[in-house]
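# Per-entry structural report
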Amino acid sequence: MKKIKNNKAWVFAVPAVVLLLFVAVLPLIMIVNYSFYDIFHINSKVWVGLEWYHDVLGSLRFWETFGRSLLFSTLVLAIEIPLGIAIALHIPKQGVFSSVCLVCMALPLLVPWNMIAMIWHVFLAIAFGSGWELKAFPTWAAIVLMDVWHWTSLVVFLCYSSLTTISPAFYQAAAIDGASRWDVFRYIELPKMKMVLIMALLLRFIDSFMVFIEPFRLNAGGPRSTTTFLAMELGQEIISQDYGPASARAVIYFFIIIIISWIFKKVIAVRELKEG
Amino acid sequence: MDAGSKTNRFLTIDIARFYAIALVFFGHFVEEFMILKNPAGISLYKFTYSFHMVLFVVIAGYVAKEDLANWRVGRFITHCFSTRLLPFIFLTLVMMIPPLFFSGKFYGLPLPSLVGYFRGTVLTVFGLPSFCVPSWFLLLIIGLELVHYTVFRFLKNSNAKILAAAVGFYVAGYWLNLEFDIFNPLKERVIGWNYFFIHGAITLYSFYLLGIFLRRRHFLIQKVSTKILVPAAVAAFFMVFFTYQLNNGPFNFHVYNHVVIMFASYGHFLLFPLTAIAGCACVLFISGMTPARKTILWLGQNTMLLMFLNGIFYHYINPGLAGWILDNVASSGLPVFYLSCMVTLVSLALCMPFVFLFNRLAPQLVGKPKLTGLLLKSPLHFRWLPTTAYIVFLFLPLIPLVSVSLHSTLRGEMVPFGEFTLSNYIHVFQNPVLTGSILNSIAYVTLNILITLPVAFLAAYGFSRYTFSGDKYLFFCTLALRMMPPVVMVLPVFLIFLQIDLVNRPLGIALAHCAFNLPISIWVLESFLAAIPREIDEIAFIDGHSFFQFFTRILIPLMGPGIAVTAFFCFMFSWVEIVFARILTVTSGKPISMAISTLFTFRTDIGLVMAMTVLSIIPGVLMIYFVRNHIAKGFTIKTAV
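Residues numbered from 1 in each chain as written. Chains lettered and ligands numbered in written order. Predicted model: local features only at pLDDT ≥ 70, side-chain atom pairs only at ≥ 80, totals over all residues. Heavy atoms only, no water.

### Digging into the overall build of chain B
Here is the rule we go by: Put simply, DSSP marks the helices as runs of H or I at least four residues long and the strands as runs of E at least two long, and each gets a number from the N terminus on. Buried means the residue's accessible area, taken with a 1.4 Å probe over protein chains only, is under 20% of the maximum for its type, while exposed means over 50%, and partly exposed covers the values in between. Accessibility throughout is a Shrake-Rupley quantity obtained with a 1.4 Å probe, and a residue counts as covered only by protein chains that appear here. In summary, the charge assignment counts Lys and Arg as positive and Asp and Glu as negative, without counting His or the chain termini. Where a charge lies is defined by one atom per residue type, namely NZ (Lys), CZ (Arg), CG (Asp) and CD (Glu).
Within chain B one finds 26 helices and one strand. Dimensions of chain B along its principal axes, counting C-alpha atoms only, are 105 × 65 × 50 Å. Taken across its 641 residues, chain B has 56% of its residues classed as buried. Surface accessibility of chain B: about 27,500 Å² in total, with carbon and sulfur atoms responsible for 70%. For chain B, the centre of its 41 positive side-chain charges and the centre of its 22 negative side-chain charges are spaced 13 Å apart.

Written out as structure tokens, the structure reads:
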């Protein structure tokens, strides 16, 4: 479908732009501004230039946390995306069971975020007893499992809704051609899901990379900071009211996310180019 | 499943399997005498355990599929699943029912209780089947077949290689167990890691290979004269008789000083295989002499089911019965032996109707995937299995949540501690702060949807119908704003909202949530709009509709599913969000999530917390229930990032 070129169409976007300017862009500008100051009180601040950026980027702790967050996001994406696709492929397209699936799968998405860790605490205590909090590996496993439990359904929903738009004629044609199950997935279902998958990938990447409340409530970043992620450092600075360094950190995180998302996009674009 | 109906069965081996399963029943009964420190029981137990599990492994090798090594991975996994794992899961579930009604011996599991069931499930998943201990052998068989599938392709060409590998696996497995102590319940571990007893499978694969070797040499498959078999069996018996007591050694499992295959404790390095092989030979020779009776063959063909049914005796009947016999009937050597043999035969007889029933009603579930039963008439398909398994996984942590919310958790209240009660829910509705928080949550989510939807709808319409200068950049910028972590935005948003008096009001949270809901809504709505052909717009304008009329009368009704799905997404991200919700409600207007947080005091009523959490999920469930068909209608996201 060809779109009409018309600059007056900006009018449609104006309300959204105004709203976003107010709730997102303005705060962003304020953060950038704060990040150059040492803030003692909201009305008394001293210009320190790039000092906070220097401090944050120069600390070993930052890079350790960064690596940990990257590992966490990688693990989470590596589990949730394939699992989500697999589950979505197995939900029937219609009937009572499909409704049951959708309603049941939505449950983890609807639990208030501060209660997720609480629920898992109770569950882990019942199933595994105590003692896991003191060891790094079980804590990591618990956090990853908790995130998979919480968010895989989002991937399932996105994939499922795009799978339902595939016309049965495609499957019939594939059956006539004697295509294997893998071929059907590779040449019919996956291309259809591609854009939804990019969306799921980006959403899950952003949210897992900036994961804060769940691991914090589960084990407070422990044992011995082995599960401290990027957003938890930021959260601690905000709690201790170091607004200057916190703002610098926030700006750095924002750029990290933009850069990694941009790399995602480039990698996908390059792959498309090769395949095309 | 009548005797001989399968042409490739070896009658002698089926008889040997009958003896083996009888020895399992026997061993598990004398184990109780052993635990009660009866000397005769100890001897009988040591004697039986010195070879009876190895016998099973040798028999498994005898009937092993040699062409398994040529199978593709998918076929192998399907085979393993339908003949081993599915029966294991099904029968384990069946064995989870009796603890609800009878009390049995469950090694530290408080059954029946939520804690007991969860721990038991965890132990079972990690390789120790706690609801039916005898069924561990089925897991060992899976482990053996995994090893067999992996290595047999390198051995199948020569018998010499097979024998050499048998020795090699024995030495390697023994060393591994001694060195790494993989499965030792006495070590401080949160969970065991003995998946499919793979460590045991490495050692025991040597005996599996022995079975394959014997089959290749047609050992006992051709008829052998009784004149040879009788003295051979007697010789083998004495071999075991003289060595089983000596079979002590460097153990992994430090409770019993004898062979317990399940705990990977094999005793003496050289005497263990000697005794075990002698014992196997003895039973095999005896099997060669036993006439092939229908009942014996039938029981021999159903050893897997019998192994599970033995769990009933192992967990519920044997402990009490053994104690009663020692106290009231006899406790000296031969009577104990005779009585144990009788108990074994009676137990086997009692199992027969159940074996018959399972085979008639649902053979697919007990390891015979090609047959059909009276209850399960069609062959099994597994289309619903992944989703069901996933939903079960999602429900696992929610079960304690609901359970705790339905029990009294505070001492000193009217309802006794730990009793079933609805009082938590009643307390929620008696507490004006909590009911108020539900209203606050509903208010700000509704406001958020009411703000986001029209604004996003207009923008999405613009993006989907027109191109204009900078539209791509604008689209990317909105998405980039979605990428801002909420923790980052908290402080400035609070300061801005403080200036214009939006703090402590639902409208404030609603506006703040627009920062991440608006980009997603534009994206989703745009994809729905792109699916509606533009001709519809044009026809409407030609028909004389004004722009406003076109929107309200034509486009919005058409976009019903899209709007519903977008509203659900807004709801989902907004309802559960806590970072903004927390910072923007300092003194009043707290939503559910924050109201729950305030319940945590030095005397937290965890039941009340859980009841509130359960209530907080319900509006979302209603929401997804109403939009489920729209999600199923589907939307495609066409616009690239």
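### Some points on the interface of chain A and chain B
Threshold: Only heavy atoms enter the contact rule, under which two residues are in contact if any of them lie within 4.5 Å. Using a 1.4 Å probe, buried area is obtained as the accessible area two parts lose upon being combined, added over both of them. Salt-bridge detection follows one rule: a side-chain nitrogen of Lys or Arg within 4 Å of a carboxyl oxygen of Asp or Glu. Here a polar contact is taken to be a pair of N or O atoms separated by no more than 3.5 Å, where protein atoms must pair a possible hydrogen donor with a possible acceptor and residues adjacent in sequence count only if both atoms sit in side chains. Classification convention: Asp, Glu, Lys, Arg as charged; Ala, Val, Leu, Ile, Met, Phe, Trp, Tyr, Cys, Pro as nonpolar; all other residues, Gly among them, as polar. A pair of strands counts as paired when DSSP detects no fewer than two bridges linking them.
Every contact between the two is made by 101 residues of chain A and, on the other side, 110 residues of chain B. Contact between chain A and chain B buries roughly 9,400 Å² in total, counting both sides, with carbon and sulfur atoms accounting for 82%. Three residues stand out in chain A for area buried against chain B, namely Phe12(A), Leu110(A) and Ile126(A), and they jointly supply 8% of the buried area on that side. Summed over the shared surface of chain A and chain B, the number is one salt bridge. Asp207(A) serves as the salt-bridge partner of Arg482(B), at 3.3 Å between the closest nitrogen and oxygen. Counting the contacts that link chain A with chain B gives 11 residue pairs in polar contact (both at pLDDT 80 or more). No other element matches helix H1 (residues 10-34) of chain A, which puts 18 residues into the side of chain A that touches chain B. Class assignment for the residues of the side of chain A that touches chain B results in 77 nonpolar, 15 polar and nine charged. Looking at chain direction, strand S1 (residues 4-5) of chain A and strand S1 (residues 466-467) of chain B are connected through two bridges and run parallel.

### Comments concerning the domain arrangement of chain B
Here is the rule we go by: Throughout, the edges of the domains are those of an automatic or database domain assignment.
Domain parsing of chain B yields domain 1 (11-378) and domain 2 (425-633). Computed from C-alpha coordinates alone, the two centres of domain 1 of chain B and domain 2 of chain B are separated by 59 Å.

### As for the packing of aromatic side chains
Rules: By convention, a stacked pair of Phe, Tyr or Trp rings (six-membered ring in the case of Trp) has centres within 6.5 Å and planes under 30 degrees apart, an edge-to-face pair has planes over 60 apart, and any other such pair is tilted. In this scheme, Lys NZ or Arg CZ marks a charge over a ring once it lies within 6 Å of the ring centre and within 35 degrees of the ring normal.
Under the definition given, this model contains 78 aromatic pairs over all chains. Grouping aromatic residues by their ring pairs yields a cluster made of Phe12(A), Phe457(B), Tyr461(B), Tyr466(B), Phe541(B), Phe547(B), Phe550(B) and Phe551(B). The aromatic ring of Tyr187(A) is capped on one face by Arg186(A), whose charged end is 5.2 Å from the ring centroid. Cation over ring: Arg628(B) sits above Tyr625(B), and NZ or CZ is 4.1 Å from the ring centre.

### Brief notes about helix H14 (residues 385-395) of chain B
Condition: Note that the arc is computed from the directions linking the helix axis to the C-beta atoms.
For H14(B), every residue scored as buried is listed here: Thr387(B), Tyr390(B), Ile391(B) and Leu394(B). One side of H14(B) carries all its buried residues, which in axial view fall inside an arc of 100°.

### Here we look at the side chain of Asn38(B)
Residues and elements named next belong to chain B. Looking at the secondary structure, you find Asn 38 in the loop between helix H1 (11-35) and helix H2 (39-49). A distance of 2.9 Å separates a polar side-chain atom of Asn 38 from the backbone nitrogen of Gly 41. In contact with Asn 38, other than residues within four places in its own chain, are Phe 33, Leu 326, Ser 331 and Val 336.

### Concerning the nonpolar core
Spelled out, the test is: As used here, the term nonpolar core means buried Ala, Val, Leu, Ile, Met, Phe, Trp, Tyr and Cys residues forming a set that is joined through side-chain atoms within 4.5 Å.
Counting 201 residues, the largest nonpolar core has Met105(A) and Phe497(B) as its most contacted members. When residues of this core are assigned to their parent elements, the largest contribution, 16 residues, is made by helix H6 (residues 136-163) of chain A. Residues from two domains meet in this core; each of domain 1 (11-378) and domain 2 (425-633) of chain B gives at least three. What Phe497(B) contacts, discounting residues up to four positions off in sequence, is Phe22(A), Val23(A), Leu502(B), Val503(B), Gly508(B), Leu511(B), Ala512(B) and Leu584(B). Judged by nonpolar contacts, the second largest core, of 123 residues, contains Met34(B), Met262(B), Cys282(B) and Val366(B).

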